[in-house]
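Residue-level structural notes
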Amino acid sequence: MARHTDQAFRQICKEQGADVMVTEFVQSEALIRDNVKAWEMVDFTESQRPMGVQIFGATPASMARAARLICDRVRPDFLDLNFGCPAHKVIEQNAGSGLLRCTPLLYDLVKAVKDAMPDVPLTAKMRLGWDHATIVAVEVAGRLEELGVEALAVHGRTKEQGYSGQAHWGWIAKVAAAVDIPVIGNGDVHDGPSALERLNTSGVSGLMIGRAALKNPWIFKELKATLTGAPSSAATVSLQERWDTLLRLAELTLEVYKSRLGDRDVRWMLDRLHPLTQGLPGSRRLRDQFQHCYTLTDLRRLRDHHLAEYPL
Ligand SMILES: Cc1cc2nc3c(=O)[nH]c(=O)nc-3n(C[C@H](O)[C@H](O)[C@H](O)COP(=O)(O)O)c2cc1C
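Residues numbered from 1 in each chain as written. Predicted model: local features only at pLDDT ≥ 70, side-chain atom pairs only at ≥ 80, totals over all residues.

Remarks on unusual backbone geometry
- In this structure, proline 50 follows arginine 49 across a cis peptide bond, with omega equal to -5°.
- One non-glycine residue, aspartate 34, lies in positive phi territory at about 65°.
- Considering the arrangement of structural elements, one finds aspartate 34 in the loop between helix H2 (28-32) and helix H3 (36-42).
- With 9 C-beta atoms packed within 10 Å, aspartate 34 lands in the exposed category.
- Residues other than glycine seldom take positive phi values, yet arginine 75 does so here, at roughly 45°.
- Counting through the fold element by element, arginine 75 comes out in the loop between helix H4 (60-74) and strand E3 (78-83). (Helix = DSSP H or I, 4+ residues; strand = E, 2+ residues; numbered from the N terminus. Buried ≥ 20, exposed ≤ 12 C-beta atoms within 10 Å, placed from the backbone.)

Here it is as structure tokens:
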């Protein structure tokens, strides 16, 4: 997820049991221009494998070129194409979910990338369609399978929905039934029971977790426990463990960006840490206090005060 699931955050998710991860979407043209921030998004550590790198764009030649550069430089386990982003600045270029109203171009992009990288597994992430009147997910999924896409993640919303309303798992189930490649269902999976229900009723091969992981990276362990019949462990994450994770994320984030941003100031990353404060006692005041944290030492001091205020 853009601006969140960088190398540092993914490390936390991996440690909590995420099986397969994908980078945030990276613009193909930015990679070709050798933009430092774009390449930073592509980076991952060996321990994070299996890793996919997700790219977006609307020009077949650029997508193919970016794919080749990525494969040469970081050898991901798979390349993932974004046909889901609803952001205005993305769809106005006909990229992301904009391609769902322009499927011939979408297929050309897939063909170009597949031809450029025939040996690297190719996957895609898509929404259901542009809006409810033009749902194309089943038709697109079938064509992507023919073109050699090896797995497909489907977010059960349309572009028009943005992130509002509910994900339509009925449509995800139709896609899963229509193709032989693995379909990964996505949208509104936020705990063990919702995961179990989706898996049991939709016929998908896997679940993709987005927003829930930002505030609850322990979710991967919780889901795995639920799927094996164990009691849910969500409630057992202690305040101490939550703080440990938050500080670890801050430390890892400093490490990842220190060559570009220096290694003292934590203020720029506070919005990345905020989701982890959700649900903590006194979280609103805590977020205000975050604004006065400049260094890791300040964050640790805040933790000590908070733990003293809310003893375990
Ligand atoms: C802040 C934010 C950034 C996102 N960035 C990406 C992205 O870069 N690539 C992508 O495929 N989906 C992206 N998504 C969409 C999520 O992957 C996911 O499809 C969506 O949030 C629905 O799943 P959820 O209910 O589990 O969050 C983003 C979502 C959010 C909220």
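What to know about the nonpolar core
- In this structure, Ile55, Val113, Ala137 and Leu152 are the most contacted members of the largest nonpolar core, which totals 74 residues.
- Beyond its immediate chain neighbours, meaning those up to four positions away, isoleucine 55 contacts Phe25, Val26, Ser28, Met63, Ala66, Ala67, Leu81 and Asn82. (Core = buried A, V, L, I, M, F, W, Y, C linked by C-beta atoms within 7 Å. Contact = placed C-beta atoms within 7 Å.)

Brief notes about the site of the ligand
- In the vicinity of the ligand there are 19 residues, among which Met1, Phe25, His155, Gly210 and Arg211 approach most closely.
- Among the secondary structure elements, those contributing two or more residues to the shell around the ligand are strand E1 (21-27) and helix H10 (211-215).
- A breakdown of the residues in the shell around the ligand according to their chemical character gives seven nonpolar, eight polar and four charged. (Near = placed C-beta within 6 Å. Nonpolar A, V, L, I, M, F, W, Y, C, P; charged D, E, K, R; others polar.)

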